[in-house]
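# Descriptive structure summary
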Amino acid sequence: MTKNETQYEKYLRNGKDIFDTYCTAEDKQPLLFPRVPQHKYIDLYPDQDLPGTGSFENDRNQQLNYEAEVKVYRALEKLDKNIIVLSNFEYSHFQYHLGDLSHDKRKCQKCKKMAANREGECDFVVIAPNCFVVIEVKNMSHIDPDITDKDKQFQAEALTNTFKKSLQQRKKMAELIKRFSKRLTVLHFTAYPNLEKRFKNDFQISGNNKSTIIFKEDIDDFSKWWEDNVSDLVMNLSPEFRTKQEEVRNLFLAMWCTEKNKACDKSKCSLGRCILNIDEQLRSGRFTFRTNNPEVVPTPPPYRNFLGVYNLNMEQYDLINSTETFQWINGPAGTGKTVVLMAKILQLVLSDGNNKAVLFNFTKLIEDVEPSRRQEKTLEKAGVKHIIICATDPDTLFTRSRPHILEINARVEELDEEEWEKSMDNAPSELYCEVLKNLVDHQVVIVVLPYNEKHLDAFDQDLHSCELLQKLLTSLQGINIFIDDFQVVMNWDGVEGCKEKGYVFIESLFELSKTQHVWVACDMVQCNYNASKESTHDGDSLIARLFTERMSSQHLTTLSKTLRNTYDLSGTLTVIREHIVGLMNTKTKFVNNVFPSQSPGHYIHGPKTVIHFLETGHDKLMSDIFAKELDKLCGDNMLDRNVVGVVHNEYIYFTADMLQSTDIEPKELKSSYSAEWPLRPGGREYSEDSENLYFAISRARVKCTVIMYPCVDAKRLRLCDCRHLNTLLKKLEDCADITRYRNDTSKGKEKG
């Protein structure tokens, strides 16, 4: 605050700074603050009360009330309008009297008593170029049309009372706006996003008041409602009033950023800060605000400190404490499979210093061992002696140990041909010898294995590599074995003899589990979808039959609740996953066990997934879109670019050029298993492989932007030619922001 500057002038200055920093983008689209729906009630409660847990009806109702506000937030977000939306706007007694020269904060008793409290609040204040729009939100999703006349009267009274209460809040907010200029246009409404128009006459209010109600149908087609009730009713203001409108806009921006009369925190408007806050919340497992949620268990100490995860859901907790030595953990991306594996490893090695474990990870680029580094940090915190072995020469998995070969050849005269061949077949691999040597001084060995066309991708051509891996595993007698992301090498469908050899592989794991733990984490949908493209079977999955025929329910465990991603990303992934499973057309009666559904494990909201769909692969247009998306994320320098991940199906030269001066290294999609970033912009070719789209989006935790363009070898391919993809995009319209570009410029774009 400069010398002789009044509080009113200070708020104006701060507001102008906020507007100039965050609100001057050329795109004609709404700006909502905060940048995602505020996290009021993030807990996911069971649909019905469980015996002995008490009633959670009130908690569920609070959650429904919160989600009603989220629906309005998303409706405002879809408007193709140049507006600013302030969500959960609160103001103090002092702020209410800003600019009032007769008001002395030092002498005002209310300012002293209410310094840390709010004078009033509003769910949404919309600042348009020529008016203010105030929206209060009410839920009322429990309204029932099929009730008795007596109950209908009570229901009508409840509707009327909620409206009257909202009307008081609306008028108070309108009064606040008018305090700064009586000639400003202020429209105010009450939104019932879950209430249909057929209940309109149940409101015992005047016709004029009924016209200010926003019903479910209006939310579903909010652009039309806005045109009919806001745009068409508001005349353009003269220049002098437009100046006053901008002045009050700046005041409200500063008021929204100033909490409880503290300093103005302009970074509250930053998308980057918002992403980082959500990312920290997700990474640390803080997906509950309650201590009584039966679906959530605090991570037992000391695992909480070692894993950096504060909570587990019941699926994870029960699995970690399972006494089964064999577990095939099947679940979608982000459901916590790796967390469960690491927790079980810690449980074993910390309970007995003689327990040993080997954890197998897979990577396409052997130098990319970031997932293993994260696991290493967990072991370091726990004080567990460990080492990472990277198979820099992939042949170490297959090549027999040279000392053993020399020893066998030295005895060649003592052995007949059959004995010699058997000895050679049983000779351990170099990798086995390396693992065994390091287990002498370490409790845990992390083995990073490559998968690529030359080596482990041979799994989808024959099972020779699988047999070699099986030999390596069965050699590790008495050592606990954990395998993560096994789906990257388990493309067995359509392979001759896969069922028989698959049985042998699984039988060997069962045999091992008699004396040690053998836990495997895998997403069966990803491996089965890849394999089924080449399969010639009748629609029933060989993989599904293989596992359900051999494994009991206690061995085949599913995780279904997504914890790693935001509620919104999880919703997008759920739609894509259901689409993929539908394309499989599997007939197995165990489909829910083998291909489990995916659902959000919390209500932590984030930015919507953004999909740019280009009908033509124009480099300049793709470059412009990518640059704008990157600037939105990092333009205010609140977000380090090293938390941005870029993955692609094909090398894109303009992406590499733009990232040259940053710490961002683009990665090929197939090289990104187990990788994850808070946000993931990037490009991919479109074809009929929805599974790749699912996998790409699942790499993001908070925000994801996808640029889709025609395949290089199919430049004339258009959306109408991709039947399954076109169907999928239509399904995604409710949970993703989709923009289609009909030609080589942004002028040809259209929403939805």
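Keep in mind that this is a model prediction, so the values were computed, not measured.

### Some words on the packing of helix H1 (residues 7-22) against helix H9 (residues 239-257)
- Contact geometry of H1 with H9 gives a least axis separation of 7 Å together with a crossing angle of 90°. The orientation of H1 relative to H9 falls into the category roughly perpendicular. On H9, the residues that touch Tyr-8, Tyr-11, Leu-12, Asn-14, Gly-15, Lys-16, Ile-18 and Phe-19 of H1 are Lys-244, Glu-247, Arg-249, Asn-250, Leu-251, Leu-253, Ala-254, Met-255 and Cys-257.
- In terms of residue class, the contact of H1 with H9 is made up of 10 nonpolar, 3 polar and 4 charged.

### Re the state of the cysteines
- Evaluation of the coordinates by the stated rule reveals 0 disulfides.
- Lacking any disulfide linkage, Cys-257 is separated from the closest cysteine sulfur, that of Cys-269, by 3.5 Å.
- Of the residues examined, Cys-257 reaches a relative accessible area of 1% and is grouped as buried.

### Quick word on helix H13 (residues 337-351)
- Spanning 15 residues, H13 covers 21 Å between terminal C-alpha atoms, matching the ideal 21 Å at 1.5 Å per step.
- Inspection of H13 places Lys-337, Val-340, Leu-341, Met-342, Ala-343, Lys-344, Ile-345, Leu-346, Gln-347, Leu-348 and Val-349 among the buried residues, and these make up the whole buried set.

### Overview of the pattern of salt bridges
- Inspection of the entire model under this criterion finds 24 salt bridges.
- Here Lys-81 makes a salt bridge to Glu-227, at a shortest N to O gap of 2.4 Å. Taken together, the residues span a long stretch of sequence, with Lys-81 in the loop between helix H2 (57-78) and strand S2 (84-91) and Glu-227 in helix H8 (residues 222-231) at a distance of 146 residues.
- The partner of Glu-280 in a salt bridge is Arg-286, and the shortest N-O contact between them spans 3.5 Å.
- The exposure class assigned to Glu-280 is partly exposed, which follows from its relative accessible area of 45%.
- A residue is classified by how much of its surface remains accessible, and Arg-286, at 32% relative accessible area, is partly exposed.

### What to know about the pairing of strand S9 (residues 326-330)
- Along S9, 5 of the 5 residues are buried, which leaves the element largely enclosed by surrounding structure.
- As paired elements, S9 and strand S15 (residues 556-558) share 3 bridges and run parallel to each other. Residue pairing in the sheet places Trp-328 in a bridge with Leu-556 of S15.

### Here we look at the packing of aromatic side chains
- On inspection of all chains with the given rule, the structure shows 20 aromatic pairs.
- Taking 5.9 Å as the distance between ring centres and 80° as the angle between the ring planes, the aromatic pair formed by Trp-328 and Phe-486 counts as edge-to-face. Of the two residues, Trp-328 sits in strand S9 while Phe-486 sits in the loop between strand S13 (480-483) and helix H19 (498-512), which places them 158 residues apart along the sequence.
- In this structure Phe-486 comes out as buried when scored by relative accessible area, which is 0%.
- Taken together, Tyr-8, Phe-89, Tyr-91, Tyr-96, Phe-132, Phe-180 and Phe-252 form an aromatic cluster joined through their ring pairs.
- Sitting above the plane of the Phe-19 ring, Arg-249 keeps its charged end 3.5 Å from the centroid.
- Here the basic side chain of Arg-286 rests over the ring of Tyr-310, its NZ or CZ set 3.9 Å away from the ring centre.

### Description of H1
- Between its terminal C-alpha atoms H1 stretches 22 Å, which fits the 22 Å expected from 16 residues at 1.5 Å a residue.
- Along H1, the positions that sit buried rather than exposed are Tyr-8, Tyr-11, Asn-14, Gly-15, Ile-18, Phe-19 and Tyr-22. Projection of H1 onto a plane perpendicular to its axis shows the buried side chains occupying an angular sector of 140°, all on one side.

### Here we look at the sheet that holds strand S12 (residues 444-450)
- The strand order across the open sheet built from 7 strands is S11-S12-S10-S13-S14-S9-S15, with neighbouring strands paired in parallel fashion. For this open sheet the edge positions go to strand S11 (386-390) and S15, each flanked by a neighbour on one side alone. Along the sheet, successive strands turn relative to each other by an average axial angle of 15°, direction set aside.
- Strand direction decides the pairing type here: S11 and S12, joined by 5 bridges, are parallel. Bridge pairing in S12 links Ile-387 to Val-445.
- Lying over the sheet, helix H17 (residues 430-439) contacts strand S10 (357-363), S11 and S12, oriented at roughly 160° with respect to S12.

### Some words on the side chain of Gln-245
- Within the secondary structure, Gln-245 is located in helix H9.
- The exposure class assigned to Gln-245 is buried, which follows from its relative accessible area of 2%.
- At 3.0 Å, the side chain of Gln-245 forms a polar contact with the backbone oxygen of Cys-131.

The rules behind the values
Every chain is numbered on its own, with residues counted from 1 as its sequence reads. Reporting in this predicted model follows two pLDDT cut-offs: at least 70 for local features of residues, and 80 or more for side-chain atom pairs to be given and counted; totals over whole chains, interfaces and linings ignore these cut-offs and use all residues. To get the side-chain values, take all heavy atoms of the structure and skip hydrogens and water. Lines fitted to the C-alpha atoms define the axes, with helices restricted to the stretch that makes contact. Angles between their N-to-C directions range from 0 to 180 degrees. Helix and strand definitions follow DSSP, with helices as H or I runs of at least four residues and strands as E runs of at least two, each counted in order from the N terminus. Should an angle fall under 35 degrees it is called roughly parallel, over 145 degrees roughly antiparallel, and 65 to 115 degrees roughly perpendicular, with every other angle called oblique. Any two residues whose heavy atoms approach within 4.5 Å at even a single point are treated as in contact. Just so you know the grouping, Ala, Val, Leu, Ile, Met, Phe, Trp, Tyr, Cys and Pro go in nonpolar, Asp, Glu, Lys and Arg go in charged, and all remaining residues, Gly too, go in polar. Any two cysteine sulfur atoms lying within 2.5 Å of each other are counted as a disulfide. Burial classification: accessible surface area is computed with a 1.4 Å probe over protein chains only, and a residue below 20% of its type maximum counts as buried, one above 50% as exposed, and the rest as partly exposed. Expected span of a helix: the number of residues minus one, times 1.5 Å. Only one rule defines a salt bridge in this text: a Lys or Arg side-chain nitrogen within 4 Å of an Asp or Glu carboxyl oxygen. Strand pairing requires that DSSP identify at least two bridges connecting the strands. Stacked, tilted and edge-to-face are the three classes assigned to paired rings of Phe, Tyr and Trp, where Trp is represented by its six-membered ring and a pair needs centres within 6.5 Å; plane angles under 30 degrees give stacked, over 60 edge-to-face, the rest tilted. Put simply, a charge is over a ring when the Lys NZ or the Arg CZ is close to the ring centre, within 6 Å, and near the line of the ring normal, within 35 degrees. The directions considered for the arc run from the helix axis to the C-beta atoms. N or O atoms within 3.5 Å of each other form a polar contact, as long as, within protein, one can give a hydrogen and the other can take it, and as long as residues adjacent in sequence are counted only when both atoms are side-chain atoms.

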